[in-house]
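# Reading the structure
Single-letter residue listing:
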Amino acid sequence: MKTILLSNGTDKTALLQKIGVTKEGISFLKDKMEINFIYIKQIKTPAALILKQDALSIGADLAVHKNTILNMQEKTDALLLATDKQLKLLVKKESLQPFGLKELTKDLKSYINLPDNDRVEVMGVINANDDSFFEGSRFVGEKAFEQIL
């Protein structure tokens, strides 16, 4: 037995076909195969609390500022992590909610089942050469690799 961690860019449909999954099985799994990372700017705190609770109830999650639970600020930024299937459920739940969540569902609907080439992917670059502008990121040889890990 061997395990392989797949990247977000992996063609999972092709992999399911290679495994021998039926067309019906692939169709059923399609909405569960991609995690969406949706950045929500300046959501009202009560809306964030409702969205967090609803997201957790269906297996998704919402990251919010640490003081959101204390209602110490009027608005917060948030990061929603949900599969397409979970987004569909959230759209139903939030379409009945106040504090701007009804309006949020319009955006969430537009993110469901986007083709892979319309999805945003983020890549980071680590500058770890020995001539870096920032002295704290100057590493040589194996020490650079160790520090990155």
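These numbers come from a predicted model, not from an experiment. Each chain has its residues counted from 1, following the order in which its sequence is written. Local features in this predicted model are restricted to residues of pLDDT 70 or higher, and side-chain atom pairs are both shown and tallied only at a pLDDT of 80 or more, whereas totals for entire chains, interfaces and linings draw on every residue. For the side-chain quantities, the full set of heavy atoms in the structure was used; hydrogens and water were omitted.

### Thoughts on the nonpolar core
Across soluble globular proteins, nonpolar side chains have a tendency to be buried as a group. Ranked by internal contacts, the top residues of the largest apolar core, which has 21 residues, are Ile 40, Ile 43, Leu 51, Leu 80, Leu 87, Leu 101 and Leu 108. In terms of residue count, helix H3 (residues 45-57) provides more of this core than any other element does, 5 residues in total. Whether two residues are in contact is decided by their heavy atoms: any pair within 4.5 Å suffices. Residue contacts for Ile 43: discarding those within four places in its chain leaves Ala 48, Leu 51, Glu 74, Lys 75, Thr 76, Ala 78 and Leu 101. Buried Ala, Val, Leu, Ile, Met, Phe, Trp, Tyr and Cys residues form a nonpolar core when they are joined through side-chain atoms within 4.5 Å. In this scheme, a residue with accessible area under 20% of its type's maximum is buried, one over 50% is exposed, and one in between is partly exposed, where area comes from a 1.4 Å probe on protein chains only. Numbered from the N terminus, helices here are DSSP runs of H or I no shorter than four residues, and strands are runs of E no shorter than two.

### Thoughts on the environment of Gln 86
Among the secondary structure elements, Gln 86 is positioned in helix H4 (residues 84-94). Under the relative-accessibility criterion, Gln 86 is labelled buried at 13%. Setting aside its immediate chain neighbours within four residues, Gln 86 contacts Ile 58, Gly 59, Ala 60 and Leu 81.

### Side note on the confidence of the model for the protein chain
Model confidence for the protein chain is summarised by a mean pLDDT of 80, while 76% of its residues fall at 70 or above. Across the protein chain, the element-wise mean pLDDT spans from 69 in helix H6 (residues 142-148) up to 93 in H3. On a scale of 0 to 100, pLDDT captures the predictor's confidence in every residue.

### Side note on the packing of H4 against helix H5 (residues 101-111)
Throughout, an axis means a line fitted to C-alpha atoms (over the contacting stretch in the case of helices), and angles, computed between N-to-C directions, take values from 0 to 180 degrees. Close contact between H4 and H5 brings their axes to 9 Å; oriented N to C, the two are set at 155°. When the axis of H4 is compared with that of H5, the two are roughly antiparallel. In this structure, H4 crosses over H5, and the sense of that crossing is left-handed. Facing H4, whose interface residues are Asp 84, Leu 87, Val 91 and Glu 94, H5 presents Leu 101, Lys 102, Thr 105, Leu 108, Lys 109 and Tyr 111. Here the nonpolar group is Ala, Val, Leu, Ile, Met, Phe, Trp, Tyr, Cys and Pro; Asp, Glu, Lys and Arg are the charged ones; every other residue, Gly included, is treated as polar. Split into classes, the residues belonging to the contact of H4 with H5 amount to 5 nonpolar, 1 polar and 4 charged. To sort the angles, those under 35 degrees are grouped as roughly parallel, those over 145 as roughly antiparallel, those from 65 to 115 as roughly perpendicular, and the leftovers as oblique. A crossing counts as left-handed when the near helix is turned anticlockwise from the far one by less than a right angle, and as right-handed when that turn is clockwise.

### Here's the deal with the packing of H3 against H4
Between H3 and H4, the shortest axis-to-axis distance is 10 Å and the interhelical angle comes to 135°. In terms of orientation, H3 and H4 fall into the oblique class. Note on packing geometry: the crossing formed by H3 with H4 is right-handed. Contacts between H3 and H4 involve Ile 50, Leu 51, Asp 54, Ala 55 and Ser 57 from the former and Leu 90, Lys 93 and Glu 94 from the latter. Among the residues making up the contact of H3 with H4, the classes are represented as 4 nonpolar, 1 polar and 3 charged.

### Things to note about a nonpolar patch on the surface
A patch consists of residues exposed above 30% relative accessible area that lack any salt bridge, with like charges linked at up to 9 Å and nonpolar side chains (Val, Leu, Ile, Met, Phe, Trp, Tyr) linked at up to 5 Å. The method behind every accessible area is Shrake-Rupley, applied with a 1.4 Å probe, and residues are considered shielded solely by the protein chains displayed. For salt bridges, the criterion is a side-chain nitrogen of Lys or Arg within 4 Å of an Asp or Glu carboxyl oxygen. Among the surface-exposed residues, Ile 35, Phe 37, Tyr 39 and Leu 79 lie close enough to one another that they form a single nonpolar patch of about 410 Å² accessible area. Sorting elements by how many residues they give to the nonpolar patch places strand S1 (residues 35-44) first, with 3 residues. For Phe 37, the position within the fold is in strand S1.

### Let's talk about the pattern of salt bridges
This model, assessed by the stated rule, comprises 1 salt bridge. Between Asp 61 and Lys 52 there is a salt bridge, with its nearest N and O atoms 3.0 Å apart. Here Lys 52 falls in the partly exposed class, since its relative accessible area comes to 27%.

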